[in-house]
Amino acid sequence: MAVQIFDSGQLGQDPAVIGEMGFGTIDLMISTVSNAAQQIPEFSIFTMPCLFNGMDDALAKIGPGSKVHAHFEKVYEEHAVGMRFLALGASGTRNMSTAFVAVTSPAYLDG
């Protein structure tokens, strides 16, 4: 097997590349769920802040063998986008900083 890597958007912006995967002209990519939400709207849930308690929590809840992973395998089949779902990962957590108080939960954002 030969693998050729195209980084830094050489093949286009992620939404276009995701579409090309559906046609079979590109075989594999790593992208963010916000870009893939155009084809799989259910991915939009992952753009919410404070969804997980950190990276370890996120990976434990969305990794292979999890209910979330099984759910998205079905979602890909139902949407018939011409792609196979392989995995969800985490590329960082959402953070918020303030000058006067530590933000430790969504309750701190009330008002």
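Above this text you will find the structure in question.
## Comments concerning the environment of Gly63
- Inspection of the secondary structure puts Gly63 in the loop between helix H3 (55–62) and helix H4 (67–79).
- What makes Gly63 buried here is its relative accessible area of 9%.
- Once the C-alpha coordinates of Gly63 and Ser34 are considered, the two residues, 29 residues apart in sequence, prove to be 18 Å apart.

## Regarding unusual backbone geometry
- In the Ramachandran plot, Ser8 falls in the positive-phi region, its phi being about 60 degrees despite a non-glycine side chain.
- Tracing the chain through its elements places Ser8 in the segment before helix H1 (14–23).
- The phi dihedral of Ala80 falls on the positive side, at around 45 degrees, and the residue is not glycine.
- On the secondary structure map, Ala80 appears in the segment after H4.
- For Ala80, a relative accessible area of 64% corresponds to the exposed category.

## Regarding a nonpolar patch on the surface
- Together, Met1, Val3 and Ile5 make up an exposed nonpolar region whose accessible area comes to about 470 Å².
- Topologically, Met1 is positioned in the segment before H1.
- Judged by its relative accessible area of 100%, Met1 falls in the exposed class.

Thresholds applied
Residues numbered from 1 in each chain as written. Predicted model: local features only at pLDDT ≥ 70, side-chain atom pairs only at ≥ 80, totals over all residues. Heavy atoms only, no water. Helix = DSSP H or I, 4+ residues; strand = E, 2+ residues; numbered from the N terminus. Buried < 20%, exposed > 50% of the residue type's maximum accessible area, 1.4 Å probe, protein only. Patch = residues over 30% accessible without salt bridge, like charges linked within 9 Å, V, L, I, M, F, W, Y side chains within 5 Å. Areas by Shrake-Rupley, 256 points an atom, 1.4 Å probe, with all protein chains shown as cover. Salt bridge = Lys/Arg side-chain N within 4 Å of Asp/Glu carboxyl O.

Honestly, that's just the spatial picture; any functional story needs more than this.
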